[in-house]
Every structure is written in C-alpha cells, then in structure tokens.
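# Summary of structural features
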Amino acid sequence: GQQVMQIPQYQHVQEGEDFTTYCNSSTTLSNIQWYKQRPGGHPVFLIQLVKSGEVKKQKRLTFQFGEAKKNSSLHITATQTTDVGTYFCAGGDNYGQNFVFGPGTRLSVLP
Amino acid sequence: ETGVTQTPRHLVMGMTNKKSLKCEQHLGHNAMYWYKQSAKKPLELMFVYSLEERVENNSVPSRFSPECPNSSHLFLHLHTLQPEDSALYLCASSRAGLADLTGELFFGEGSRLTVL
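Residues numbered from 1 in each chain as written. Chains lettered and ligands numbered in written order. Predicted model: local features only at pLDDT ≥ 70, side-chain atom pairs only at ≥ 80, totals over all residues. Heavy atoms only, no water.

### Section: the overall build of chain B
Scanning chain B from N- to C-terminus turns up 0 helices and 11 strands. Overall, chain B is about 40 × 30 × 30 Å in size when its C-alpha atoms are taken along their principal axes. A burial count over chain B gives 47% of its 116 residues as buried. Taking as baseline every contact in chain B between residues at least 6 positions apart, the subset at least 24 positions apart corresponds to 56%. Accessible surface, chain B: about 5,400 Å² in total, of which carbon and sulfur atoms supply 49%. For chain B, the distance from the average site of its 11 positive side-chain charges to the average site of its 12 negative ones is 9 Å. (Helix = DSSP H or I, 4+ residues; strand = E, 2+ residues; numbered from the N terminus. Buried < 20%, exposed > 50% of the residue type's maximum accessible area, 1.4 Å probe, protein only. Contact = heavy atoms within 4.5 Å. Areas by Shrake-Rupley, 256 points an atom, 1.4 Å probe, with all protein chains shown as cover. Lys, Arg positive; Asp, Glu negative; His and termini not counted. Charge placed at Lys NZ, Arg CZ, Asp CG, Glu CD.)

Written out as structure tokens, the structure is:
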C-alpha cells in the first residue's frame, strides 16, 4: 500500500537557523498537504500542493512539490520559537481516496 | 476554535467499560473522519464518513464502532478496549464529498483516551 516517509524524525535548531523537512511517497501523489501540530495540540492545515514542481511560500515557510509528484519539502527560514512543533506531510493518491500521513518531523527551537 | 468540537477531552476507562467519543462540526462540511494518534505511529485513519455514508474502514477492530447520525455529528463507541488502545483520538472534517476525500482537514482538539 501507499507509504509516506519523512526525514528527519527530529530536528533541534538554534533560533535563527533554517530548517528543512523532507517527505517521500512510495507512489505518485495527486496532491500533498502539510500540517503543523504544536505540543499538546492538534494538527492544523498549512498548505496544499497539487501541481508538479509547484512552489508556494507563506512568510518564512517555503513548500515544494517534486517534479515526479512523489516528494515534497518544507523549508523554514530563520526559525523562531513559535515554529516549535511536529510537521506532518500527507499525500493523496490519484484516485482521491487514499490519504496517508507521514510520521512527522518534530522541530525544537532553542532560544 | 477550529469549528470541530470533541468531547470529552480526556477519558479514562477500564477494559470492561463502554464509553463514547463525540465530535461535532460547525463548518457545513460533507465528510468526517476518525484518526488515532499514538506515540509510536503516524496518524492512522480509522473511519471516514461522506454524506453520512461510511466510505472507509481501515481494518479497525470491532471494539471500535462509529456512528454518523447526520453530517454534523460523529461518534466513536468504545467497548472492551485494550491498554494498547490508549491514544489521542482526533476527529476531522472536510468539504470533500464521495468523489474526492483529499481536501483540507479541519481537526478537533482530540480526546485523550487512557485504558487501564
């Protein structure tokens, strides 16, 4: 079945440093979504990417969808303590039915 | 406030108890979901309802029984659970209907379940 992997599992950065998490799917995706879950909180939708090679930006966050639509990345520039949390990617297959979450990357930001 | 409300927020139950988790969405969405989040596994989809019809049941043990009486309400009935069922149970909703279940998910704050 469809599998979605993320690396790294954990990342500790100093405030102000950049951070990137990578998401890889075993199958071609119709779309990919990113969610953020703060400690003790629930996942909150960040963005959805649909097109091959698509790049979207939200302030300090840059999201990218691979040309083959099997991988994606989230890059945070100049991290802040408010960026702390777990970042999940989730991908849907081309049939629009299977939607699988990756295991997440937990980000810690040291002040 | 996400528009998706879950109760109770915390639940402790014995293995012989019967309890229910409740989810209500105020967003006018067509699809509702139950996810399980445990410490060592990714978010696991348990059930999906689209327009009150169950469209997915991911090999979930029968001790978990979902109910969707209308498009705004979703229940998860629990009976004779095991300690390994202890987890955060998240309800979510989305605009998507039967044709496409990959729309943006709006999650509730979750029900933290502990089975003794």
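### Overview of the state of the cysteines
What makes a disulfide is a covalent bond joining the sulfur atoms belonging to two cysteines. All names here are of chain A. Using the criterion set out here, one finds 2 disulfides over all chains in the structure. Residue C23 pairs covalently with C89 via a disulfide, S to S 2.0 Å. An S-S torsion of about 80° defines the bridge between C23 and C89 as right-handed. Here C23, found in strand β3 (residues 19-25), pairs with C89, found in strand β9 (residues 85-92); they are 66 residues apart in sequence, far enough to count as distant. As far as burial versus exposure is concerned, C23 and C89 are alike and both buried. (Disulfide = S-S within 2.5 Å.)

### So, the sheet that holds strand β1 (residues 4-7) of chain B
Residues and elements named next belong to chain B. Across the sheet, which stays open at both edges, the 4 strands sit in the order β1-β3-β8-β7 with antiparallel pairing between neighbours. Of all the strands in the sheet, the pair left with one neighbour each is β1 and β7 (64-70). On average, each strand axis in the sheet is tilted by 15° relative to the strand beside it, whichever way the strands run. Bridging between β7 and strand β8 (residues 73-79) involves 5 bridges; their strand directions are antiparallel. Bridging across to β8, E67 finds its partner in F75. (Pairing = 2+ DSSP bridges. Axes fitted to C-alpha atoms, helices over the stretch in contact; angles between N-to-C directions.)

### So, the pattern of salt bridges
All names here are of chain B. Within this structure, the stated rule accounts for 4 salt bridges over all chains. The salt bridge involving R63 is made with D85; its shortest N-O contact spans 2.7 Å. Placement of R63 in the loop between β6 (53-57) and β7 and of D85 in the loop between β8 and β9 (87-94) is noted, with a sequence separation of 22 residues between them. When sorted by exposure, R63 lands in the same class as D85, which is buried. (Salt bridge = Lys/Arg side-chain N within 4 Å of Asp/Glu carboxyl O.)

### Focus on the layout of surface pockets
Each pocket or cavity is described by its volume, and for the largest pocket that value is around 760 Å³. Taken together, 32 residues make up the lining of the largest pocket; nearest its centre are T86(A), R106(A), Q37(B), S38(B) and A39(B). At the level of elements, β9 and β11 (105-110) of chain A together with β9 of chain B are the ones that each hand at least two residues to the lining of the largest pocket. Considering only residue class, the lining of the largest pocket consists of 11 nonpolar, 14 polar and 7 charged. Roughly 380 Å³ of volume is contained in the second largest pocket. (1 Å grid on protein atoms, 1.4 Å probe; cavity = no way out; pocket = protein on both sides within 12 Å on 5 of 7 lines; lining within 4 Å. Points joined across faces, edges and corners; volume = space filled by probe spheres on them. Nonpolar A, V, L, I, M, F, W, Y, C, P; charged D, E, K, R; others polar.)

### Quick notes on the pairing of strand β11 (residues 111-115) of chain B
All names here are of chain B. Residues S111, L113 and V115 line the buried face of β11, whereas the alternating positions R112 and T114 sit on a face that is not buried. Of the pairings in the sheet, the one linking strand β2 (residues 10-13) to β11 comprises 4 bridges and is parallel in character. The residue of β11 that forms the bridge with V12 is T114. Relative to β11, β9 runs antiparallel, the two sharing 3 bridges. Paired with A87 across the bridge in β11 is L113.

### Let's talk about the environment of L45(B)
All names here are of chain B. Considering the arrangement of structural elements, one finds L45 in strand β5 (residues 44-50). L45 gets classed as buried once you look at its relative accessible area, which sits at 13%. Each C-alpha atom, one on L45 and one on W34, is 6.3 Å from the other, the two residues being 11 residues apart in sequence.

Treat this as a map of the structure, not an account of what it does.
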